[in-house]
Amino acid sequence: MTLLKLSNLSDLAAALQAQGYRVVAPIQDDAVVRLRSWRPGDTVRIAALPVNSPKDFLFPRCEAIGRYVLDRDGFTSEDLPARAEKTVLLGIRPCDVAALAGLDSVFAWGYPDKFYGERRAATTIVSLVCPSADDDCFCTSVGGAPDSTVGADAMLRLCNGGTAMTFASMTEKGKALDAVFGQFSSPGEAAVDPVAEVPVLFNSEVVTDWCSKSFESTVWRTLGLACLGCGACAFMCPACHCFDIQDESTDAQVDRLRNWDSCGFSQFTLHASGHNPRPDQPARWRQRMMHKFRYFKERFGRVACTGCGRCGRLCPTGMAISDVCREIARAEEVR
Amino acid sequence: MTTTETVKDTAGDVFQPRLVAFVCNWCTYAGADLTGTSRLAYAPHVRVLKLPCTGRIDPLFVLKAFEGGADGVLISGCHPGDCHYSSGNYHARRRWAVFRRLLSLTGIDERRLQFSWVSAAEGQKFADLVNRITDEVRAAGPFDPSNPARRLPWK
Amino acid sequence: MEIATKLRADAAALLGDGRVKLVIGYAARGARRVPVFISEAPKVEVLMWDATCRQNLAAYLSKPDLKTLRPVAIVASPPVMRSLVVLASEAQIEDGSVVILGLDESGYHGILDLGKTVELLNAVCKGQGLDREILGRLEQIRGMSPQERAAFWASEFAKCTRCYACRAACPACYCARCIVEKNVPQWISTAAAAHGNFAWNIIRAFHVAGRCTSCGACQAACPQGIPLMLLNVGVTESVETEFGIRAGFDPDAKPAIGSYSLEDKEDFIR
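Note that the coordinates shown come from a computational prediction; the quantities given were computed from them, not determined experimentally.

Trainee: How would you sum up the overall build of chain A? Please name residues and give values.
Mentor: The secondary structure content of chain A amounts to 11 helices and 12 strands. Projecting the C-alpha coordinates of chain A onto the three principal axes gives extents of approximately 70 × 65 × 35 Å. Split by element, the accessible area of chain A, about 14,500 Å² in all, is 52% carbon and sulfur. In chain A, which carries 37 positive and 40 negative side-chain charges, the distance between the mean positions of the two groups comes to 2 Å.

Below you can see the structure in the form of structure tokens.
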């Protein structure tokens, strides 16, 4: 086998940068591992699950998508480019890769979103077979797997107790990286590290089914009480994609911005009339579950949840979607 | 070299700071009017914003000023005991004591946020104050565009 | 665990005889500590408490969905107790509508009313200073040049995604409409970029000045690990130094920033 030593990762990143790629990888940032653009001197932690997801690089937190420039006689509307950069996403887990497929569907639905689309086209995904999982992971409950290659342009696999990796390209984009990965790899003996074990916690079909007939259920009230209504889950979720359009102006111009939004925010569905069809947190929590497990499934054929577990890890009140799904599935089985 | 002399320089190399002054209507604004009617010249780089009372000044105004391009901010009102609304300046004083430390902690040079009491009779004080503050902010230099308080144009 | 047994017994009794409609406490879910809302006496068995219960349950008292469920019992460690005192001083808790199940690392303190809670706090916590490690870090930051400070905070605030988990987790943040949600005019940019993030984090810290009890729930809630306690303790320190006020020990105290003294210092005013 040809193996890439983990100690060569910084050199690999530098070489990819030299080829004109923006290199995004899990990087040690003080106490936290974050997926971000690699800079010389950064420590790549390829085997660590980053706190954020790759959607940051295809669908950023905020960006200008339009502009009006004001002048004496009126205004001119300016078309803004997509600002896509040739990018390699390095070490992305199969759950995060699967979530991108959902974003692909949404941003091409009805109206091709060039801001997402051009970035996506310029991005090469190098996925990593999961070497480890924790109690919050549940990809296997939502149609995924820790060694799934679906959606990836190339796969990395850890070997020899996590000290080396193999690289295998699968698509044209992936093959374009063969040379540079080959440059930092050498032949060697390798024992492939075992794939992480992710036990199935629930049947998502059962959850979808229950959601389809439980809009009026009083269970939502109990389920939604602990929710504080922040955006931590939605913003860190690799599959969430709701956004808000805001115009910000100076004397000279108006910038039309697209910012992340969360269905958990109290004003998410507040109408200009003052009416809010989701007036309380249980209604908003219901929306979160419904969107992911019912509406998205109905429209795009997949649930908008890939079992990455971030919501459970990051929620200030520990509301993991997997816990909710297990409760629903358990209640259904009892019934 | 007094500030008024420096002001006579045309474009040149001298950095001219942009100052925003939030002042109360009854004391400092009237005091500034007196400065003018007394024909006292002072550094012209300040934009004066009139409010009914310093008690109305929200810390957000200061943030907006720095966002929008100010190099320095002055807040000025009635002396304690003279507030037209009795206690507005007392509330303001308490607010600023905390806010100025917070802004300093987060990276805005203390010379850039200044406070004063200027009464309606203190025309000379207003001129001297603006001149001195202009010098101090000039010495602090242009507000760093990489400071997170500054609003940058959207790309 | 002794705390848990007594806590459950009291909670069951309160629910059983109708003294409260709801008990808000913590339950264990693996290594996680999650809030629970119990309205039936038999369900109190899940109640527990240990030092890893970091969320401030007082935050739930202002949530519209729970506001009308009174009387309510709430499991409270000293930071939560102090938050309850602050809420009482701001007229957010009606007299007698909240029953406190007091506890801390030394044990369970029983069913308390506001008066007994204040006594306990003054006996146990009044003498404790602010976190020394945080104060040390603040010293360090203040020793930097303004440019270095700006660069430090620029890199911290760059992580902010404006999820408002800090606000949601804080019992002092109970405005029905937060300043960021006001758009006529839009005072604080809602975009997660430098100036908006700066304004949000500064104003959030300022709006809890004199009201923050250093419970740390905001920093624990932040998914990006931003050191929010540096800002909160910095502001709390200013309030203590300038006015000698510390939040959460007197339910009749006037709000620090909303009141004034004729003797307030003005050495910084020309």
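Trainee: So what's going on with the sheet that holds strand S2 (residues 46–51) of chain B? Which residues, and what values?
Mentor: Residues and elements named next belong to chain B. Pairing in this open sheet of four strands is parallel, and the strands run S2-S1-S3-S4 from one edge to the other. Since the sheet does not close on itself, it has two edges, and those belong to S2 and strand S4 (113–117), each with one partner. Sheet twist, expressed as the average angle between the axes of neighbouring strands with direction ignored, equals 20°. As paired elements, strand S1 (residues 19–24) and S2 share six bridges and run parallel to each other. Bridged to valine 20 within S2 is arginine 47. Of the strands in this sheet, S1, S2 and strand S3 (72–77) touch helix H2 (residues 25–37), which is tilted by about 125° from S1. Packed on one face of the sheet, helix H4 (residues 88–105) meets S3 and S4 and runs near 160° to S4.

Trainee: Can you tell me about the packing of H2 of chain B against helix H5 (residues 123–140) of chain B, naming the residues and giving the values?
Mentor: Residues and elements named next belong to chain B. Where H2 meets H5, the closest approach of the two axes is 7 Å, and the angle between their N-to-C directions is 90°. For the element pair H2 / H5, the angle class is roughly perpendicular. Across the interface between the two elements, Thr28, Gly31, Ala32, Leu34 and Thr35 of H2 pack against Gly123, Phe126 and Ala127 of H5. Counted by class, the contact of H2 with H5 contains four nonpolar, four polar and no charged residues.

Trainee: If you had to explain the domain arrangement of chain C to someone new, which residues and values would you point to?
Mentor: Residue and element names in this part refer to chain C. When cut into domains, chain C gives domain 1 (2–124) and domain 2 (132–243). When each unit is reduced to the centre of its C-alpha atoms, the spacing between domain 1 and domain 2 is 27 Å. Contacts between the two partners involve 13 residues from domain 1, matched on the other side by 11 residues from domain 2. Carbon and sulfur atoms supply 57% of the area buried between domain 1 and domain 2, which totals about 1,000 Å² over both sides. The interface formed by domain 1 and domain 2 contains one salt bridge. Linking domain 1 with domain 2 are five residue pairs in polar contact (both at pLDDT 80 or more). Partitioned by chemical class, the residues of the side of domain 1 that touches domain 2 number five nonpolar, four polar and four charged.

Trainee: Talk me through the state of the cysteines; I want residue IDs and the actual numbers.
Mentor: Under the counting rule described, the total for this entry stands at one disulfide over all chains. For cysteine 27 of chain B, the disulfide goes to cysteine 78 of chain B, at an S-S distance of 2.4 Å. Residues cysteine 27 of chain B and cysteine 78 of chain B are joined through a disulfide that is right-handed, its torsion about the S-S bond being 105°. On the criterion of sequence distance, the pair formed by cysteine 27 of chain B in helix H2 and cysteine 78 of chain B in the loop between S3 and H4 is long-range, its members being 51 residues apart. Residue classification places cysteine 27 of chain B among the buried positions, given a relative accessible area of 8%. Between cysteine 308 of chain A, a cysteine without a disulfide, and cysteine 95 of chain A, which holds the nearest cysteine sulfur, the sulfur-to-sulfur distance is 5.3 Å. According to the relative accessible area criterion, cysteine 308 of chain A is buried, its value standing at 8%. Counting only cysteine sulfurs, cysteine 178 of chain C is the nearest neighbor of cysteine 175 of chain C, a cysteine outside any disulfide, at a range of 6.7 Å.

Trainee: Now, about the confidence of the model for chain C: what can you tell me, with residues and values included?
Mentor: Predicted coordinates in regions of low pLDDT should not be interpreted in detail. Mean pLDDT over chain C works out to 95, with 100% of the residues at or above the 70 mark. Predicted as a complex, the structure gets a pTM of 0.95 and an ipTM equal to 0.93.

Trainee: Would you mind going over the sheet that holds strand S5 (residues 107–112) of chain C in detail, with residue names and values included?
Mentor: All names here are of chain C. If you trace the five strands from one edge of the open sheet to the other, you get S2-S1-S3-S4-S5, paired in mixed fashion. Strands with a single pairing partner mark the edges of an open sheet, and in this sheet they are strand S2 (32–38) and S5. Strand after strand, the sheet turns through a mean of 25° between neighbouring axes, direction not considered. In this structure, strand S4 (residues 98–104) lies alongside S5, joined through five bridges in antiparallel fashion. When the sheet's bridge partners are listed, leucine 101 is paired in S5 with isoleucine 111. Against the sheet, helix H1 (residues 2–16) touches strand S1 (22–29), S2, strand S3 (72–76), S4 and S5, its axis set at about 15° to S5. On top of the sheet, helix H4 (residues 114–124) reaches S4 and S5; it is set at about 150° to S5, its chief contact.

Trainee: Let's hear about the interface of chain B and chain C: which residues, and what values?
Mentor: Every contact between the two is made by 43 residues of chain B and, on the other side, 45 residues of chain C. With both sides pooled, the region where chain B packs onto chain C buries about 4,000 Å², and carbon together with sulfur makes up 68% of that total. Inspection of the region where chain B meets chain C yields four salt bridges. Salt-bridge contacts for aspartate 264 of chain C lead to arginine 94 of chain B; the nearest nitrogen and oxygen are separated by 3.0 Å. Viewed at the interface, chain C and chain B are joined by 17 residue pairs in polar contact (both at pLDDT 80 or more). Top element by residues in the side of chain B that touches chain C is H4 of chain B. It accounts for 15 residues. Taken together, the residues that form the side of chain B that touches chain C break down as 22 nonpolar, eight polar and 13 charged.

Trainee: Quick one: what's the story with the interface of chain C and chain A, residue by residue and with numbers?
Mentor: On the chain A side, the residues contacting the 33 residues of chain C number 34 residues. Of the roughly 2,700 Å² buried between chain C and chain A on both sides combined, carbon and sulfur atoms contribute 52%. Per-residue buried area on chain C facing chain A is highest for Arg32, Asp65 and Pro223 of chain C; these three make up 21% of the total on that side. Linking chain C to chain A there are three salt bridges. For arginine 32 of chain C, the salt bridge goes to aspartate 136 of chain A, with nearest N and O atoms at 2.7 Å. Run the count over chain C and chain A and you get 11 residue pairs in polar contact (both at pLDDT 80 or more). Within the residue set of the side of chain C that touches chain A, elements represented by two or more residues are S2, helix H2 (64–67) and helix H7 (165–169) of chain C. At four residues, S2 of chain C tops the list of elements feeding residues into the side of chain C that touches chain A. For the side of chain C that touches chain A, a count of residues per class yields 18 nonpolar, seven polar and eight charged.

Trainee: Tell me what's going on with the environment of methionine 165 of chain A, and back it up with residues and numbers.
Mentor: Residue and element names in this part refer to chain A. Of note, methionine 165 is situated in strand S9 (residues 164–169). For the pair methionine 165 and glycine 143, spaced 22 residues apart in sequence, the C-alpha separation works out to 26 Å. Not counting residues up to four positions away in its chain, the partners in contact with methionine 165 are Thr2, Leu3, Leu4, Leu6, Leu9, Ile46, Leu156, Arg157, Leu158 and Cys159.

Trainee: Can you tell me about the packing of H4 of chain B against helix H10 (residues 228–243) of chain C, naming the residues and giving the values?
Mentor: Across the interface, H4 of chain B lies against H10 of chain C with an axial gap of 10 Å and an inter-helix angle of 140°. In terms of orientation, H4 of chain B lies oblique with respect to H10 of chain C. Between H4 of chain B and H10 of chain C lies a crossing whose hand is right-handed. The segment H4 of chain B lies against H10 of chain C, with Arg94, Ala97, Val98, Arg101, Leu102 and Leu105 of chain B engaging Leu230, Leu231, Val235, Ser238, Val239, Glu242 and Phe243 of chain C.

Conventions used here
Residues numbered from 1 in each chain as written. Chains lettered and ligands numbered in written order. Predicted model: local features only at pLDDT ≥ 70, side-chain atom pairs only at ≥ 80, totals over all residues. Heavy atoms only, no water. Helix = DSSP H or I, 4+ residues; strand = E, 2+ residues; numbered from the N terminus. Areas by Shrake-Rupley, 256 points an atom, 1.4 Å probe, with all protein chains shown as cover. Lys, Arg positive; Asp, Glu negative; His and termini not counted. Charge placed at Lys NZ, Arg CZ, Asp CG, Glu CD. Pairing = 2+ DSSP bridges. Axes fitted to C-alpha atoms, helices over the stretch in contact; angles between N-to-C directions. Contact = heavy atoms within 4.5 Å. Parallel < 35°, antiparallel > 145°, perpendicular 65-115°, else oblique. Nonpolar A, V, L, I, M, F, W, Y, C, P; charged D, E, K, R; others polar. Domains from an automatic or database assignment. Buried area = accessible area lost by both parts, 1.4 Å probe. Salt bridge = Lys/Arg side-chain N within 4 Å of Asp/Glu carboxyl O. Polar contact = N/O pair within 3.5 Å; in protein donor to acceptor, adjacent residues only side chain to side chain. Disulfide = S-S within 2.5 Å. Buried < 20%, exposed > 50% of the residue type's maximum accessible area, 1.4 Å probe, protein only. pLDDT = per-residue confidence, 0-100. Left-handed = near helix turned anticlockwise from the far one by under 90°.

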